[in-house]
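Notes for the structure review
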Amino acid sequence: MSLIECRIIDLPKISDPRGNLTFIEGGRHVPFEIKRVYYLYDVPGGAERGGHAHKSLHQLIIALSGSFDVILDDGTQKNRFHLNRSYYGMYVCPMIWRELDNFSSASVCMVLASNLYDEADYYRDYGAFVQAQNL
Ligand code: TYD
């Protein structure tokens, strides 16, 4: 899997003077069925999250509130994306090393995932990830 498959998905936005609404349907707005949702919050200034890759998990990362950067790396190429809108989702395919940093205060990072939590699906060692990517 390569960085070419990762992209920012423009999610539907229903603009309303009472407050905007965005919705996400698994298999329609994201290229996988959603089995898990988790979110990062109360992230202290200067903190970094991520620092791993997944063997088979697909994810959509959304800055529900505030902003942060997502750095994606397929072992050959590396790109930094700034997420700062609740209606943008960063689609991350399997076998991509990701890091998250530059969190603004009170930011919330929501992640939709294609499977339940499974530690065996992680590469937490960058060298092992690159080696597996080059097989
Ligand atoms: P991790 O995925 O390393 O966090 P991040 O990539 O955001 O920095 O997970 C941190 C800890 O939380 C780790 O001990 C596993 C646990 N965890 C769960 O139990 N369930 C989950 O769905 C997730 C994402 C993490």
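Refer to the preceding data block for the structure.
Calculation rules
- Residues numbered from 1 in each chain as written.
- Predicted model: local features only at pLDDT ≥ 70, side-chain atom pairs only at ≥ 80, totals over all residues.
- Heavy atoms only, no water.
- Helix = DSSP H or I, 4+ residues; strand = E, 2+ residues; numbered from the N terminus.
- Rg over C-alpha atoms; globule rule 2.2 N^0.38 Å.
- Buried < 20%, exposed > 50% of the residue type's maximum accessible area, 1.4 Å probe, protein only.
- Contact = heavy atoms within 4.5 Å.
- Areas by Shrake-Rupley, 256 points an atom, 1.4 Å probe, with all protein chains shown as cover.
- Lys, Arg positive; Asp, Glu negative; His and termini not counted.
- Charge placed at Lys NZ, Arg CZ, Asp CG, Glu CD.
- Near = heavy atom within 4 Å.
- Polar contact = N/O pair within 3.5 Å; in protein donor to acceptor, adjacent residues only side chain to side chain.
- Nonpolar A, V, L, I, M, F, W, Y, C, P; charged D, E, K, R; others polar.
- Salt bridge = Lys/Arg side-chain N within 4 Å of Asp/Glu carboxyl O.
- Core = buried A, V, L, I, M, F, W, Y, C linked by side-chain atoms within 4.5 Å.

**Points about the overall build of the protein chain**
Looking only at helices and strands, one finds one helix and 12 strands in the protein chain. Each helix and strand of the protein chain, ordered N terminal to C terminal, gives the series β-β-β-β-β-β-β-β-β-β-β-β-α. For 135 residues, the compact-globule formula gives about 14 Å, and the C-alpha radius of gyration of the protein chain, at 15 Å, lands near that figure. Considering the protein chain as a whole, with its 135 residues, one finds that 42% of them fall into the buried category. Counting only contacts in the protein chain whose residues sit at least 6 apart along the sequence, the fraction spanning at least 24 positions is 76%. If you sum the accessible surface of the protein chain, you get close to 7,500 Å²; carbon and sulfur atoms cover 49% of it. Separation of charge centres in the protein chain, based on 13 positive and 16 negative side chains, amounts to 4 Å.

**With respect to the site of the ligand**
Near the ligand you find Arg-36, Tyr-38, Leu-40, Arg-49, Gly-50, His-52, Tyr-117, Tyr-122 and Arg-124, and these make up its full shell. One nitrogen or oxygen atom from the main chain of Gly-50 is found 2.8 Å from an oxygen atom belonging to the ligand. Tyr-122 has a polar side-chain atom sitting 2.6 Å from an oxygen atom of the ligand. Against a free-state accessible area of 530 Å², the protein chains account for coverage of 63% of the ligand. For the shell around the ligand, the elements supplying multiple residues, two or more each, are β4 (36-40) and β5 (49-54). The class makeup of the residues in the shell around the ligand is four nonpolar, two polar and three charged.

**Some thoughts on the pattern of salt bridges**
As enumerated under the stated definition, the model contains five salt bridges in all. One salt bridge in this structure joins Arg-80 and Asp-101, with 2.8 Å as the shortest N-O distance. Of this pair, Arg-80 sits in strand β8 (residues 78-83) while Asp-101 sits in strand β10 (residues 97-101); the two residues are 21 residues apart in sequence, bridging distant segments of the chain. Note on Asp-101: relative accessible area 16%, which makes it buried. Glu-119 is the partner of Arg-124 in a salt bridge, and the nearest nitrogen-oxygen pair spans 2.6 Å. Judged by relative accessible area, Glu-119 falls into the partly exposed class, the value being 37%. The structure contains a network of salt bridges with shared partners spanning Asp-69, Arg-80 and Asp-101.

**Examining the nonpolar core**
The biggest cluster of nonpolar side chains holds 28 residues, and the ones touching the most others in it are Leu-60, Ile-61, Phe-68, Leu-72 and Met-90. Listed by contribution, the elements that provide at least two residues to this core are β6 (59-65), β7 (68-73), β8, β9 (88-92) and β11 (108-113). Residue contacts for Ile-61: discarding those within four places in its chain leaves Phe-68, Val-70, Leu-83, Tyr-88, Gly-89, Met-90, Val-92, Leu-100, Cys-109, Met-110 and Val-111. Grouped together as the second largest cluster of nonpolar side chains are seven residues, Ala-53, Met-95, Phe-129 and Ala-132 included.

The quantities given are spatial measurements derived from coordinates; they are silent on function.
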